[in-house]
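Secondary and tertiary structure notes
Here are the chains, one letter per residue:
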Amino acid sequence: MVVPAMGLKKLIQENSAVVLVVSMLMLVLAGWRIMSQGSTELPDYKWMYDLNRQVLVQAPRSSISPLVMDSGVYEFKGMGEAGAVVDVGLYACGGTPKLKDGMSLESMGDKGVRIVFLSRHPDSVLPELEAKGYEAMPEPPVLYSDATGEEWVWEGSSQGEAIFGAISTLCDGERGRMILY
């Protein structure tokens, strides 16, 4: 039904109480929607990857990679030994998977989750990060690897960019999303 402008004005004047109630309901709904979307609080943990055991590990959000945990140290090719637990970038194909501590590559794959990259900080910045945290160095340099953890490259290098480019092949055309924590 199309209501001419003058007819709409008359309709509003004659039903001002209804218009007021509908307007208030729309305002409350809009406010609720904004508030529910504005909640971006992240969990107190983040997912990391243990290179020795080849499983997902839950660690405190403030953890600095590479991290020494239960499985000890790892021999990073050309860089020496450091903690075996590194940051992980996960990509989910399909829905929102339930991740668990200790999940292997195979069990992640069964849930449609793939590792896009592994990351760690170079040894040169670790003392400052460990002493002062990320507040002192909000964007520290990062090294990336694929899921094997065998070769590590600088984040801005062509090899680093190629690791991220692999996202396009992870879900066989199915829509996916990054798991950011």
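Quick summary incoming for the structure in this document. Each chain carries its own residue numbering, running from 1 in the direction its sequence is written. It should be noted that, the model being predicted, local features are given only for residues of pLDDT at least 70 and side-chain atom pairs only at 80 or more, the latter also being counted only at that level, while totals for whole chains, interfaces and linings use all residues. To get the side-chain values, all heavy atoms of the structure are used, and hydrogens and water are removed first.

Overview of the overall build of the chain
- A tally of regular secondary structure across the chain gives five helices and nine strands.
- When the helices and strands of the chain are placed in sequence order, the string is α-α-β-β-β-β-β-α-β-α-β-β-α-β.
- Sorting the 181 residues of the chain into buried and exposed places 34% on the buried side.
- Throughout, a contact is declared for two residues whenever any of their heavy atoms are within 4.5 Å. Within the chain, contacts between residues separated by at least 24 positions form 53% of all contacts whose residues are at least 6 apart in sequence.
- Summed over its atoms, the accessible surface of the chain is roughly 11700 Å², and 58% of this surface lies on carbon and sulfur atoms. A run of H or I in DSSP counts as a helix once it spans at least four residues, and a run of E counts as a strand once it spans at least two, with each numbered from the N terminus. Exposure categories follow from relative accessible area, calculated using a 1.4 Å probe and restricted to protein chains: below 20% of the type maximum is buried, above 50% is exposed, and the middle band is partly exposed. Here the accessible surface of atoms and residues is derived via Shrake-Rupley with a 1.4 Å probe, and residues count as covered only by protein chains that are part of the display.

Quick look at the pattern of salt bridges
- Basic side-chain nitrogens of Lys or Arg form a salt bridge, by our definition, when they fall within 4 Å of a carboxyl oxygen of Asp or Glu. Inspection of every chain in the model, using the stated rule, returns three salt bridges.
- A salt bridge links D87 to K46, with the shortest nitrogen-to-oxygen separation between them at 2.9 Å. Placement of D87 in strand β5 (residues 85-93) and of K46 in strand β1 (residues 45-50) is noted, with a sequence separation of 41 residues between them. Residue D87 shares its accessibility class with K46, and that shared class is buried.
- Here R53 makes a salt bridge to D50, at a shortest N to O gap of 3.2 Å.
- Residue class for R53 comes out partly exposed when judged on its relative accessible area of 47%.
- For D50, a relative accessible area of 1% translates into the label buried.

With respect to the pairing of strand β6 (residues 113-120)
- The buried fraction of β6 is high, at seven of eight residues.
- As judged from the six bridges shared by β5 and β6, these two strands associate in the antiparallel manner. Residue pairing in the sheet places Y91 in a bridge with R114 of β6.
- Two elements, β6 and strand β7 (residues 143-145), share three bridges in a ladder whose sense is antiparallel. One bridge is not enough; two strands pair if DSSP finds at least two bridges between them.

Structural notes on the environment of S119
- Summarising the element assignment, S119 is placed in strand β6.
- Linking S119 and V85, residues 34 residues apart in sequence, is a C-alpha distance of 9.7 Å.

Quick notes on unusual backbone geometry
- Backbone torsion omega between S65 and P66 reads 5°, so that peptide bond is classified as cis.
- Position of P66 relative to the elements: it lies in the loop between β2 (55-60) and β3 (73-76).

Looking at the packing of aromatic side chains
- What counts as a ring pair is set by centres within 6.5 Å for rings of Phe, Tyr and Trp (its six-membered ring), and what kind of pair is set by the plane angle: stacked under 30 degrees, edge-to-face over 60, tilted for all other angles. According to the stated counting rule, one finds six aromatic pairs in the structure shown.
- Among the aromatic residues, ring-to-ring pairing joins Y74, F76 and W152 into one connected group.
- If you follow R120 out to its NZ or CZ, it ends over the ring of F76, 4.4 Å from the centre. In this scheme, the term charge over a ring applies when either NZ of a lysine or CZ of an arginine sits within 6 Å of the ring centre and within 35 degrees of the ring normal.

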